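Single-letter residue listing:
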Protein chains: 2
Amino acid sequence: MGGLTLWTYDWVPEGAPPRGFVRDLRLRWACEEAGLAYEVRTVPFEGRATNHLARQPFGQVPFLDDAGLQIFESGAGLLHLARKSEALMPPDSTGQAETLQWTIAALNSIEMVSVPWWFLTISGAADNPLTGWMGQRLGQLEEVLAARDWLAAGHFTVADLLMADVLRVPQVRAFGERPASEAYVARLTDRPAFRKAQADQMRLFAAADAARAGNAAG
Amino acid sequence: MGGLTLWTYDWVPEGAPPRGFVRDLRLRWACEEAGLAYEVRTVPFEGRATNHLARQPFGQVPFLDDAGLQIFESGAGLLHLARKSEALMPPDSTGQAETLQWTIAALNSIEMVSVPWWFLTISGAADNPLTGWMGQRLGQLEEVLAARDWLAAGHFTVADLLMADVLRVPQVRAFGERPASEAYVARLTDRPAFRKAQADQMRLFAAADAARAGNAAG
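The structure displayed is predicted, hence computed values, not measured ones.

### Focus on the interface of chain B and chain A
Right, on to step 1. At the junction of the two partners, chain B supplies 32 residues and chain A supplies 32 residues.
Right, on to step 2. For the side of chain B that touches chain A, the elements supplying multiple residues, two or more each, are strand S4 (69-72), helix H2 (74-82), helix H3 (93-122) and helix H4 (131-147) of chain B.
Right, on to step 3. Across the side of chain B that touches chain A, the residue classes tally to 20 nonpolar, nine polar and three charged.

### With respect to the confidence of the model for chain A
Predicted coordinates in regions of low pLDDT should not be interpreted in detail.
Right, on to step 1. When the pLDDT values of chain A are averaged, the result is 95; 98% of them are 70 or greater.
Right, on to step 2. The ipTM value of the predicted complex is 0.96, and its pTM value is 0.97.

### Comments concerning the domain arrangement of chain A
It is common to report an interface's size as the accessible area lost on association of the parts.
Residue and element names in this part refer to chain A.
Right, on to step 1. One can read the domain layout of chain A as domain 1 (4-86 + 193-207) and domain 2 (93-191).
Right, on to step 2. Taking the mean C-alpha position of each, domain 1 and domain 2 sit 21 Å from one another.
Right, on to step 3. Elements represented by at least two residues in the side of domain 1 that touches domain 2 include exactly helix H1 (24-34), helix H2 (74-82) and helix H8 (192-217).
Right, on to step 4. Among the elements that line the side of domain 1 that touches domain 2, the one with the most residues is H2, at four residues.
Right, on to step 5. The class makeup of the residues in the side of domain 1 that touches domain 2 is nine nonpolar, one polar and one charged.

### So, the relation of the copies chain B and chain A
Right, on to step 1. In the superposition of chain B on chain A (RMSD 0.0 Å, axial shift 0.0 Å), the rotation amounts to 180°. In the structure described here, the two chain copies are related by an operation that fits a two-fold rotation axis. When each C-alpha of chain B is compared by its distance to the rotation axis, B:Met112 comes out closest, at 2.2 Å.
Right, on to step 2. Taken together, the interface assignments show that 100% of the residues at the interface of chain B recur at the interface of chain A, consistent with an identical surface on both copies.

### Description of the sheet that holds strand S2 (residues 39-43) of chain B
Residues and elements named next belong to chain B.
Right, on to step 1. Across the sheet, which stays open at both edges, the four strands sit in the order S2-S1-S3-S4 with mixed pairing between neighbours. At either margin of the open sheet sits one strand with a lone partner, and together these are S2 and S4. Each strand axis lies, on average, 25° off the axis of its neighbour in the sheet, ignoring direction.
Right, on to step 2. As defined by bridge partners, strand S3 (residues 63-66) adjoins S4 across four bridges and the pair is classed as antiparallel. By the bridge assignment for S4, Asp66 is matched with Leu69.
Right, on to step 3. Along the sheet, H2 makes contact with S3 and S4, crossing S4 at roughly 135°.

### A few points about the sheet that holds strand S4 (residues 69-72) of chain A
All names here are of chain A.
Right, on to step 1. Across the sheet, which stays open at both edges, the four strands sit in the order S2-S1-S3-S4 with mixed pairing between neighbours. Among the strands making up the open sheet, the edge pair consists of strand S2 (39-43) and S4. Averaged over all neighbouring strand pairs, the angle between strand axes comes to 25°, with direction disregarded.
Right, on to step 2. For strand S1 (residues 4-9) and strand S3 (residues 63-66), the ladder comprises four bridges, and the chain directions are antiparallel.

### A look at the environment of B:Ile71
Right, on to step 1. Residue position: B:Ile71 is located in strand S4.
Right, on to step 2. In this structure, the C-alpha to C-alpha distance between B:Ile71 and B:Tyr184, residues 113 residues apart in sequence, is 29 Å.

### Re helix H8 (residues 192-217) of chain B
Right, on to step 1. The terminal C-alpha atoms of H8(B) lie 37 Å apart, and with 26 residues this matches the ideal 38 Å at 1.5 Å per residue to within 8%.
Right, on to step 2. Against helix H1 (24-34), S2 and helix H7 (179-188) of chain B lie the buried residues of H8(B).

### Let's talk about the packing of H1(B) against helix H5 (residues 158-167) of chain B
All names here are of chain B.
Right, on to step 1. Direction vectors running N to C along H1 and H5 enclose 145°, while the axes themselves pass 11 Å from each other. Pair H1 / H5 crosses with right-handed handedness. Only Val158, Leu161, Leu162 and Asp165 of H5 make contact with H1, whose side of the interface consists of Arg26, Trp29 and Ala30.
Right, on to step 2. Across the contact of H1 with H5, the residue classes tally to five nonpolar, no polar and two charged.

### A closer look at H5(B)
Residues and elements named next belong to chain B.
Right, on to step 1. With 10 of 10 residues buried, H5 lies mostly within the body of the structure.
Right, on to step 2. When we look at burial in H5, the residues that qualify are Val158, Ala159, Asp160, Leu161, Leu162, Met163, Ala164, Asp165, Val166 and Leu167.
Right, on to step 3. In this structure, the buried side of H5 is in contact with H1, H2, H3, helix H6 (170-173) and H7.

### Looking at the nonpolar core
Right, on to step 1. Core analysis: the biggest nonpolar cluster contains 117 residues, and A:Met163 and B:Met163 have the highest contact counts within it.
Right, on to step 2. Ignoring any residue separated from it by four or fewer positions in sequence, one finds A:Met163 in contact with A:Trp102, A:Ala106, A:Ile110 and A:Leu151.

### Brief notes about unusual backbone geometry
What is expected of a backbone is that most residues other than glycine have negative phi and most peptide bonds are trans.
Residues and elements named next belong to chain A.
Right, on to step 1. Note the cis peptide between Val61 and Pro62, where omega equals 0°.
Right, on to step 2. Residue placement: Pro62 occurs in the loop between S2 and S3.
Right, on to step 3. Backbone geometry places Glu73, a non-glycine residue, at a positive phi of 80°.
Right, on to step 4. Its location among the elements puts Glu73 in the loop between S4 and H2.
Right, on to step 5. The class of Glu73 is buried, set by 27 C-beta atoms lying within 10 Å.

### What to know about the packing of H2(B) against H3(B)
Residue and element names in this part refer to chain B.
Right, on to step 1. At a minimum axis separation of 11 Å, H2 and H3 run at an interaxial angle of 165°. Taken together, the axis directions place H2 and H3 in an arrangement best described as roughly antiparallel. Two packed elements cross with a definite hand, and for H2 against H3 that hand is right-handed. Taken together, the residues of H3 that come into contact with H2 (itself represented by Gly75, Leu78, Leu79 and Ala82) are Thr99, Thr103 and Leu107.
Right, on to step 2. Partitioning the contact of H2 with H3 into residue classes produces four nonpolar, three polar and no charged.

Thresholds, definitions, all that
- Throughout, a residue's number is its position along its own chain's written sequence, starting from 1.
- Each chain is given a letter, starting from A, and each ligand a number, starting from 1, according to the order in which they appear as written.
- Residue-level local features of this predicted model are given only where pLDDT is at least 70; pairs of side-chain atoms are given and counted only at 80 or more, and the full residue set underlies all totals for whole chains, interfaces and linings.
- Whether two residues are in contact is decided by their C-beta atoms, placed from the backbone, lying within 7 Å.
- By definition, any uninterrupted DSSP run of H or I lasting at least four residues is a helix, any uninterrupted run of E lasting at least two residues is a strand, and each is numbered from the N terminus.
- Residues are grouped as follows: Ala, Val, Leu, Ile, Met, Phe, Trp, Tyr, Cys and Pro are nonpolar; Asp, Glu, Lys and Arg are charged; every other residue, Gly included, is polar.
- pLDDT runs from 0 to 100 and stands for how confident the predictor is about each residue.
- Domain limits in this description derive from either an automatic procedure or a database domain assignment.
- Superposing the copies works by least squares over the C-alpha atoms of residues that have pLDDT at least 70 in both of them.
- Two strands qualify as a pair provided DSSP detects at least 2 bridges between them.
- For every element, the axis is a line fit to its C-alpha atoms; helices are fit only across the contacting stretch, and the angle between N-to-C directions ranges from 0 to 180 degrees.
- Helices are assigned an expected span. That span is 1.5 Å times one less than the residue count.
- By the definition used in this description, the sense in which the near helix is turned from the far one sets the handedness, with an anticlockwise turn below a right angle giving left-handed and a clockwise turn giving right-handed.
- Three classes are used. A residue is buried when 20 or more other C-beta atoms lie within 10 Å of its own, exposed when 12 or fewer do, and partly exposed in between, with C-beta atoms placed from the backbone.
- Think of a nonpolar core as buried Ala, Val, Leu, Ile, Met, Phe, Trp, Tyr and Cys residues chained together by C-beta atoms that fall within 7 Å.
- In this scheme, roughly parallel covers angles under 35 degrees and roughly antiparallel covers those over 145, while 65 to 115 is roughly perpendicular and the rest are oblique.

Here is the structure:
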């Protein structure tokens, strides 16, 4: 328990949430940006509704341990990690306020609309009743991203990491013509720290596939 | 700009969001709990989609000024205010981590479901497609609240303030049989700081009614 441990599922199917989008990626990405050493551990995907409620009362991942201190909710984990490195959040009070407000905006003004919209979309809703709200919020964000490269503090922060992760969901990315938002997502997901984090997540689940295939054959 | 200023609308109709639920109440309530002096200022409700985008890019309220430092998003404002007073967040790192994770859980695990569910409900959706998800999350939260009185740190924090504000929406409060959650909401909204904050918000909008009636008569 001496260092930083990120917890995720031991395996996920190819479906929803798709591989490469499980939210431990947010914490992996932040650690890679900041050069923070971390270990990854897993809880079983099977039985996830009840098998780790003592650590995450909604049965989700990720959660983290930081030298014995325990935190769930990816947004909370990001704000916790952000205090450790200026690569994630500047030290001045104005920069911190901007980072905090845009991190919360990603969670509560964009993702509060985009996740339910996505859920209804993949559920096959013919006339998705959240499409109007979705268009309004993504349009407002497009105006912001058309005017500047970074959400907070004039440079990359954990707020950009989170907003890009919210926006990069394929159905969200394909929603409407939003060139500034598309350029933003492309630029953020081309960062080496993102690419390493995503490759590591994919490798974990691929190894679990191989182990399952071995068990099935054995 | 020397002190704390909370910004809200100059008036809202009786409709949605109903009076007594506009989110400046979250910040008023926090200030009342902590004994922080604050001033309330307003932007026009009419034209809100575009008239204050420079201060709040989604056209919402509240936002706050703290001695010149500006923050939008009620969740970000709460976490900012929480650093000012142990009445809102304990000073130790474990207590802060618990407060942070439950504040984010209120925004991103509960409100991310309850607000879209509420929106579809008041839109008249006959068979609300988010009802299953809503029941799952509120059921998980009921288990937590059945086991303890406070979400974080063993006493009242800004996480309880926010979760209670999310849960007290009438349609959410009426969702299913959840006795621990109901007792929690009743207890939190009976706090003197909440009652003063809500009365002050209602008084502002009532005064605006009177001014509008005077203008109409004059």
